[in-house]
Amino acid sequence: MSQIIKVKTSDGETLDVPKNVAMESAHIKRAMEFASGSDEIKFDDIDSNTMKKVVEYCEYHNRVNQQEGIQERDIKQFDNAFVNMPNNLLFSVVTAAHYLEIKALLDLCCAKIASTLKGKSPEEIRAQYNIENDLTPDDIADIKTEASWLYQ
Amino acid sequence: MSDTEEGTNQPQEQGSDEPKPAEEEKKPEEAKPFRFVPRQVKRGFRRGPAQPAPTIHSSSAFAPFKDDLMYKIFSFLELDEIRVMSEVCAKWREIIRTHHPALDLTGGTIKPLAVRSVLQSFSSIKKLKIPIQHSAILLSTVADNCPNLESLLFSHPAGDINTNISQNVAELGTLLQEEIQNRESHASHTDTQPSSSPQPTSTSPEVSPPPESNGENSVSARPLSPIRSPKAILPSGVFNKIPDAKLKDLVTKCPKLTTVDLSYCSMVTDKGVSHFSLGSSDLRYVNLNGSLKITDKSVQTLLQRNISPQANVSPLIFLGIAHNPQLTTLSLKAIGIACAQSKTSLKSVVLNHNPQFTPHDLTYIIKGGAGKEYLDSKANHSRKQSNTLTSLSWVERLDLSGTNINDSALEFILSFTPTLRILLLSHCPQLTTQAAEVITSNASQLLELVDLRGNPQILQGDLEEMKCKLNIVVWSSPSYL
């Protein structure tokens, strides 16, 4: 029983990932349980750059889980450095983490994206992320009323 | 405008804006004879007669994101920021509407008839707060449209601290400040004397509120008598008029309900409360303060109910039975028995303003109660009966304000509540100056807050000593509340 899983990405590359690292992904874990004997898995929607980043994260955190004595501080440092990547890569990583069901990575990336949305006005957000404004002024009034109803 | 979003099979309730031709236009679109259209689609967001559900522009960076993922990102933001997000585009608004779990409709701007369409747009509601004056009308709407509902609360004009389920000292402190301000503003409207200045809001909740600077002169802040009728609690005198039948509806249709505020419900009886023992009801926070028609039977039902035969434990965490002069020691004994048999994880017991209980009665919240000789002779502190007595081992918040508890009973109760964190004893006329001493000697290690307001018989000196020895927050304003 090999301990390496061959992960094929959308752009034709194959990454060799140690099995326990790959199991950080709940999706892969499930897939492996059902397709026993196979050590290959293909992802048509995840490219190699994204996958490499995901593997990098999983490798580190898998090691952290196995070993004792790695400081909280160091983990935080890794996470902060890790998540400091160009926006388009960040977005692919977060969609990949969502699909692959890697909770910690997902939370980390979502928090990062949320921090880029924080404190901005709707106009600024639309400009930054190229979102079309399809709301009428009447809608805005309704939305403000609805928004006042939201609570913790 | 949100009414234009309703499916055509539902009557337009505020349809003054909806032109008839548009309605007819919708009908053929949806009345395809042999296709089953799932309900979700019919309730979907419609911005106008035949427009499709909003999609994000394909060049947007967020285009490939699924809705769940988008909301997960929003969930890392503060509430104010989420409100801003809902103004960015129609898609984001829709995502927030369908994923945000908590809604507060008590602002007064929404008409009861419009609530149905609102609850249909906000389809993942878990926590809901609705205006108390419309509770009876709205309850069926809520039951029908919120299958995932976990918590149902009502607006209480007085912001009564007793309706709050919190075990958090800071939160209670803030609530208390609000309550004081509410009463002051209410009092200043109804009294002719000059009003006292409002409590400074800058006082941090961690510090005990400063003694009123205009102590005896604060006539406008009408000193409330210790034993207050429920009606006096609600300045607007508005009772919650939910009938038993609607309660049954709610319990059946919202199986995930864990928190319900049934305080000041003038029509709920034991029958209504008995519905909570139906099927999968998992009620954890129940407030029955001031619901004058319930009897001891309700209390017993709530405490003895098991959620499953295997789990032999009632999940009840908060029980509020303040302002219920019709309850007897049977209720108190039920609390004691349930705790003794480890049949409950009760953390908060709110018993204030129940003047019918004598100090001895109150000791029955510990199973077995205190022997008469224990209470009569203060010198005799023997614990002969301790073998048969079991502690209230989970209780963290105990509210005995406005009751007839005396020093001995207090001592007794304190010695059997080892996990107590919050002790509320305002307006207890039978406590004496010894009370502070009693608390200091017997209170649990975990005690964080003691409320001794409205007890002028307890001197500042005693309180200071208590504060020093125990290092806790003490509320000790001498005037009202």
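Residues numbered from 1 in each chain as written. Chains lettered and ligands numbered in written order. Predicted model: local features only at pLDDT ≥ 70, side-chain atom pairs only at ≥ 80, totals over all residues. Heavy atoms only, no water.

For chain B, an unreviewed UniProt entry supplies the name F-box domain-containing protein and the organism Blattamonas nauphoetae.

Per an unreviewed UniProt entry, chain A is named E3 ubiquitin ligase complex SCF subunit sconC, and its organism is Blattamonas nauphoetae. We quote the UniProt Pathway (unreviewed entry) comment for chain A here in full: "Protein modification; protein ubiquitination." For the record of chain A, the UniProt heading Sequence similarities (unreviewed entry) holds the text "Belongs to the SKP1 family." (UniProt positions renumbered as here; feature names shortened; annotations may be inferred.)

1. With respect to the UniProt feature "domain: SKP1 component POZ" (unreviewed entry) in chain A
Cross-referencing UniProt, the feature "domain: SKP1 component POZ" (unreviewed entry) maps to residues 4-62 of chain A in the present numbering. A helix fraction of 47% and a strand fraction of 22% characterise residues 4-62 of chain A, whose end C-alpha atoms lie 15 Å from each other. (Helix = DSSP H or I, 4+ residues; strand = E, 2+ residues; numbered from the N terminus.)

2. Thoughts on the side chain of His275 of chain B
Residue and element names in this part refer to chain B. Tracing the backbone through its elements, the reader meets His275 in the loop between helix H11 (270-274) and strand S5 (285-287). Exposure remark for His275: the relative accessible area of 10% places this residue in the buried category. Residues contacting His275, with those up to four places away along its chain left out, are Asp244, Lys248 and Val251. (Buried < 20%, exposed > 50% of the residue type's maximum accessible area, 1.4 Å probe, protein only. Contact = heavy atoms within 4.5 Å.)

3. Digging into helix H4 (residues 72-82) of chain A
Residues and elements named next belong to chain A. Ile75, Phe78, Asp79 and Phe82 are the residues of H4 that are buried. The buried residues of H4 all sit within an arc of 95° when viewed along its axis, so they share a single face. For H4, exposure combined with an orientation more than 90 degrees from the buried face picks out Arg73, Lys76, Gln77, Asn80 and Ala81. Looking at the packing, one finds that the buried side of H4 touches helix H3 (48-66) and helix H6 (103-117). (Arc of directions from axis to C-beta.)

4. What about the interface of chain A and chain B?
Interface size is commonly expressed as the accessible area that is lost once the parts come together. Every contact between the two is made by 40 residues of chain A and, on the other side, 48 residues of chain B. Counting the surface chain A buries against chain B, the share from its top three residues, Trp149, Leu150 and Tyr151 of chain A, is 22%. The tally of links from chain A across to chain B stands at five salt bridges. Between Glu87 of chain B and Lys144 of chain A there is a salt bridge, with its nearest N and O atoms 3.3 Å apart. Viewed at the interface, chain B and chain A are joined by 14 residue pairs in polar contact (both at pLDDT 80 or more). Elements that contribute at least two residues to the side of chain A that touches chain B include exactly helix H5 (87-100), H6, helix H7 (122-129) and helix H8 (137-149) of chain A. Counting residues per element, the side of chain A that touches chain B draws most heavily on H8 of chain A, which supplies 11 residues. (Buried area = accessible area lost by both parts, 1.4 Å probe. Salt bridge = Lys/Arg side-chain N within 4 Å of Asp/Glu carboxyl O. Polar contact = N/O pair within 3.5 Å; in protein donor to acceptor, adjacent residues only side chain to side chain.)

5. Focus: the pattern of salt bridges
Where charged atoms of side chains with opposite charge meet at close range, the side chains can pair. If you walk through the whole model with that rule in mind, you get 23 salt bridges over all chains. With its nearest N and O atoms 3.6 Å apart, the salt bridge here joins Lys8 of chain A to Glu40 of chain A. With a gap of 32 residues between them, Lys8 of chain A in strand S1 (residues 4-8) and Glu40 of chain A in strand S3 (residues 40-42) connect regions that are remote in the sequence. Here Lys8 of chain A falls in the partly exposed class, since its relative accessible area comes to 29%. The partner of Glu101 of chain A in a salt bridge is Arg30 of chain A, with the nearest N and O atoms 2.7 Å apart. One end of the pair, Glu101 of chain A, is in the loop between H5 and H6; the other, Arg30 of chain A, is in helix H2 (residues 26-34), and 71 residues separate them in sequence. One network of salt bridges, in which partners are shared, links Glu146 of chain A together with Arg93, Glu94 and Arg97 of chain B.

6. Some words on the nonpolar core
Ranked by size, the top nonpolar core spans 147 residues in total, and within it Trp92, Leu128, Leu152 and Ile439 of chain B carry the most contacts. At eight residues, the largest contribution of residues to this core is made by H6 of chain A. Inspection of this core shows a minimum of three residues originating in each of domain 1 (4-118) and domain 2 (119-152) of chain A. In contact with Leu128 of chain B, not counting residues within four places along its chain, are Leu103, Leu105, Leu119, Val142, Cys146, Leu149, Ser151, Leu152 and Leu153 of chain B. Residues Ile422, Leu424, Leu449 and Trp475 of chain B belong to the second largest nonpolar core, which totals six residues. (Core = buried A, V, L, I, M, F, W, Y, C linked by side-chain atoms within 4.5 Å. Domains from an automatic or database assignment.)

7. Topic: the sheet that holds S5 of chain B
Residue and element names in this part refer to chain B. With parallel pairing, 11 strands are arranged side by side in an open sheet as S1-S2-S3-S4-S5-S6-S7-S8-S9-S10-S11. Lying at the two open borders of the sheet, with one neighbouring strand each, are strand S1 (102-104) and strand S11 (473-475). Put simply, the sheet's adjacent strands are angled 10° from each other on average, direction ignored. (Pairing = 2+ DSSP bridges. Axes fitted to C-alpha atoms, helices over the stretch in contact; angles between N-to-C directions.)

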